[in-house]
Amino acid sequence: RSPLVSSCRNDGPTPAVYVAMKFIPASPLALGLGLLSAGCTVTVDSHSEIVREEKRFTVDGRGDVRVTTFDGSIEIRSWDRPEIVVEVEKRGPSKAAVDGLEIVSEQKGNRIELEVKRPRNESFSGIGLHRTAYARLIVSVPRDTDVRARSGDGSIRVERIAGRIDLRTGDGSIRASDLSGDITLDTGDGSVTVDNVEGSLTVDTGDGSVNVSGRVSGLKLHTGDGSVVLRAQPGTVMRDAWEITTGDGGVSLYLPSDF
């Protein structure tokens with residue numbers, strides 16, 4: 001995560017202009033004062049306060065897990081236990097900022113829903129320093145589980161899951177391995193890497209490369225800007241139409257000799 005992210009706006013008659021900047025400043029205070037004098041809002045990403053919580057749920061049969069965080073990465077992996085555990089790692093500049101994160105969870109049968117909500121008193125307008133809090137999720141599930149994960153801003157990583165898998169992030173990379181089933185991966189901005197996948201796969205990224213290997217039947221790969229590489233392993237059968245598109249970038253396909 002970048003040390004500083006600023007948003008600068010011109011309130012005159014011309015259209016608003018938003019600028020994102022990344023710095024590793026020698027003097028953060030001096031830089032912050034300089035930006036403030038220009039009428040900017042500076043977001044300081046500080047991790048001085050870290051609080052971890054754990055939510056446990058017992059399931060009987062195939063689970064259905066749905067997790068959401070407004071800001072933060074999500075990691076999902078399987079294990080050999082008939083339960084689902086969600087570790088919430090809350091980070092922020094102060095205890096008050098971390099305590100402002102609201103966690104809502106609910107279980108209905110084998111369906112588990114957990115959401116980390118943005119603090120109600122958090123504001124992004126005005127002139128001054130703004131220090132954010134966010135939450136990272138680490139989810140452990142049985143291998144045969146349906147998973148839906150959402151992050152407003154953060155990477156997503158998933159491995160060793162079989163089922164209906166739907167992963168979406170507004171900004172961040174997605175990395176998946178050893179998946180099977182009906183799989184959808186979507187990011188507004190970030191690369192997507194999928195290793196050893198089997199089943200139907202849909203990938204969509206607004207900006208980033210796409211790399212896929214495995215035995216896919218239905219396939220839809222799209223990037224607005226980036227290269228696409230598909231390595232189809234032996235045993236791949238095209239049961240449905242494939243669609244591979246890129247707005248700007250090369251496409252490389254490696255197919256078995258008997259395909």
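Before reading further, recall that the structure is shown in the block above.
First, a word on what this report is: a plain description of the structure on this page. Predicted, not measured: the structure shown is a model, and the values here were computed from it.

About the criteria used
- Residues numbered from 1 in each chain as written.
- Predicted model: local features only at pLDDT ≥ 70, side-chain atom pairs only at ≥ 80, totals over all residues.
- Heavy atoms only, no water.
- Helix = DSSP H or I, 4+ residues; strand = E, 2+ residues; numbered from the N terminus.
- Buried < 20%, exposed > 50% of the residue type's maximum accessible area, 1.4 Å probe, protein only.
- Contact = heavy atoms within 4.5 Å.
- Core = buried A, V, L, I, M, F, W, Y, C linked by side-chain atoms within 4.5 Å.
- Phe/Tyr/Trp six-rings, centres within 6.5 Å; stacked < 30°, edge-to-face > 60°.
- Pairing = 2+ DSSP bridges.
- Patch = residues over 30% accessible without salt bridge, like charges linked within 9 Å, V, L, I, M, F, W, Y side chains within 5 Å.
- Areas by Shrake-Rupley, 256 points an atom, 1.4 Å probe, with all protein chains shown as cover.
- Salt bridge = Lys/Arg side-chain N within 4 Å of Asp/Glu carboxyl O.
- Lys, Arg positive; Asp, Glu negative; His and termini not counted.
- Charge placed at Lys NZ, Arg CZ, Asp CG, Glu CD.
- Polar contact = N/O pair within 3.5 Å; in protein donor to acceptor, adjacent residues only side chain to side chain.

**Considering the overall build of the protein**
Along the backbone of the protein there are two helices and 18 strands. Evaluated residue by residue, the protein yields a buried proportion of 42% over its 259 residues. When contacts within the protein are restricted to residue pairs at least 6 apart in sequence, long-range pairs at least 24 apart make up 46% of them.

**Quick notes on the nonpolar core**
Membership of the largest hydrophobic core comes to 46 residues, with the highest contact counts inside it found for Val67, Ile76, Val116, Leu167, Leu185 and Leu201. With near-sequence residues (within four places) excluded, Leu167 lies in contact with Ile76, Val147, Ala149, Arg150, Ile156, Val158, Ile174, Thr184, Leu185 and Asp186.

**With respect to the packing of aromatic side chains**
Using the criterion set out here, one finds one aromatic pair in the structure. With a centroid separation of 5.4 Å and 35° between ring planes, the pair formed by Trp242 and Phe259 is classed as tilted. Of this pair, Trp242 sits in strand β17 (residues 242-246) while Phe259 sits in the segment after β18 (251-254), and the two are 17 residues apart along the sequence. Residue classification places Trp242 among the buried positions, given a relative accessible area of 18%.

**Section: the pairing of strand β6 (residues 83-92)**
Where burial is concerned, most of β6 is hidden: nine out of the 10 residues are buried. With 10 bridges connecting them, strand β3 (residues 49-58) and β6 associate as antiparallel partners. From the neighbouring strand, Val51 faces β6, where its bridge partner is Lys90. The pairing of β6 with strand β10 (residues 134-142) spans seven bridges and is classified as antiparallel. Across the sheet, the residue bridging to Lys90 is Ala135, located in β10.

**Observations concerning a negative patch on the surface**
On the surface, a cluster of negative charge is contributed by Asp153, Asp171, Asp189, Asp207, Asp225 and Asp248. Mapped onto the elements of the fold, Asp225 is located in the loop between β15 (210-223) and β16 (228-232). Its relative accessible area of 35% is what places Asp225 among the partly exposed residues.

**Notes on the environment of Asp195**
As for its placement among the helices and strands, Asp195 is situated in strand β14 (residues 192-205). Between the alpha carbons of Asp195 and Asp178 there is a distance of 6.4 Å; along the sequence they are 17 residues apart. With residues up to four places along the chain from it excluded, the contact list for Asp195 reads Arg175, Ala176, Ser177, Asp178 and Ser213.

**Describing the side chain of Glu89**
Here Glu89 shows up in strand β6. The exposure class of Glu89 is buried, given its relative accessible area of 8%. Separated by 3.1 Å, the side chains of Glu89 and Arg52 make a polar contact. Apart from residues no more than four positions distant in its own chain, Glu89 is found in contact with Ile50, Val51, Arg52, Tyr134, Ala135 and Arg136.

**Examining unusual backbone geometry**
The phi dihedral of Asp178 is positive, around 55°, even though this residue is not glycine. Mapped onto the elements of the fold, Asp178 is located in strand β13 (residues 174-187). Phi is positive for Asn196, close to 55°, though the residue is something other than glycine.

**Some words on the side chain of Thr205**
Residue position: Thr205 is located in strand β14. Residue Thr205 is classed as buried on the basis of its relative accessible area of 0%.

**Some remarks on the pattern of salt bridges**
This structure, assessed with the given rule, holds 21 salt bridges. Between Arg52 and Glu89 there is a salt bridge, and its shortest N-O distance comes to 3.1 Å. Taken together, the residues span a long stretch of sequence, with Arg52 in strand β3 and Glu89 in strand β6 at a distance of 37 residues. Residue Arg52 is classed as exposed on the basis of its relative accessible area, which comes to 57%. Note that Asp186 and Arg168 form a salt bridge whose closest N and O atoms lie 3.4 Å from each other. A residue pair is termed long-range when its members are at least 10 positions apart, and Asp186 in strand β13 and Arg168 in strand β12 (residues 156-169) qualify at 18 residues. Residue class for Asp186 comes out partly exposed when judged on its relative accessible area of 22%. Residues joined by salt bridges that share partners form a network here, namely Arg52, Glu75, Arg77, Glu89, Arg91 and Arg136.

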